[in-house]
Amino acid sequence: TFWFSGVGLKQSCAALSDLSFVLVKNGINNFELGIIAKVLQKDDGVYLPCFEFKGVHNGGKTIGQQMLETFAKTKYKEVKECIAEYGKVRSGGNPSVARGIARLSKHFDDMTQKFFDEPFVFEVIVDKVIHRGESSEASGSQDKNDVVRDIINELQHEIPRRYLHLSESLKFCV
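What counts, and at which threshold
- Residues numbered from 1 in each chain as written.
- Predicted model: local features only at pLDDT ≥ 70, side-chain atom pairs only at ≥ 80, totals over all residues.
- Heavy atoms only, no water.
- Pairing = 2+ DSSP bridges.
- Helix = DSSP H or I, 4+ residues; strand = E, 2+ residues; numbered from the N terminus.
- Axes fitted to C-alpha atoms, helices over the stretch in contact; angles between N-to-C directions.
- Contact = heavy atoms within 4.5 Å.

J.: Any chance you could explain the sheet that holds strand E3 (residues 50–54) here in plain terms?
T.: The strands that make up a sheet pair up through hydrogen bonds in the backbone, lying either parallel or antiparallel. Here we have four strands laid out as an open sheet, ordered E3-E2-E1-E4, and antiparallel in their pairing. Lying at the two open borders of the sheet, with one neighbouring strand each, are E3 and strand E4 (120–127). On average, adjacent strands in this sheet sit at an angle of 15 degrees to one another, irrespective of strand direction. By the bridge criterion, seven bridges tie strand E1 (residues 19–26) to strand E2 (residues 30–37) in an arrangement that is antiparallel. Looking at the pairing, Val22 lines up with Gly34 of E2. Packing against the sheet, helix H2 (residues 63–71) makes contact with E2 and E3, and its axis sits at approximately 140 degrees to E3. Seen against the sheet, helix H4 (residues 97–114) touches E1, E2 and E4 and runs at an angle of roughly 40 degrees to E1.

This is the structure:
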């Protein structure tokens, strides 16, 4: 589950972006969405919301429909704003809850199809990667793309090396 994904994952997401999502396939028909967002953090404590959804079987609601219902609740107003921010696909674009949910739903669909036979899968979405290091002077979009590419390449090589508890049977891809 999202809660057992480890402190390192959550710290890494927070270091790389102000908004990240963890998608979990926990069995054949159980899915979870965890959100790591700077705007959700308050002085009185850390808030890492996690939501459970069921896959579509026998005419049930899609994950997107379930998300729409869940995030329409008043108590999830700030979470809904995070989803809307993810729906803002262009710099300067307008936030869109519908587009954010559509994007997350597509990730769940892709994950399910790509790892159909695997009952336990997780995917991390790091939105708008920010390089907070000394060389974060990337000005143009190409410079930012280069910085992101370098970070992803480094992660691709270092994560399997450094996580000693990873089983040989684990499939890891970036």
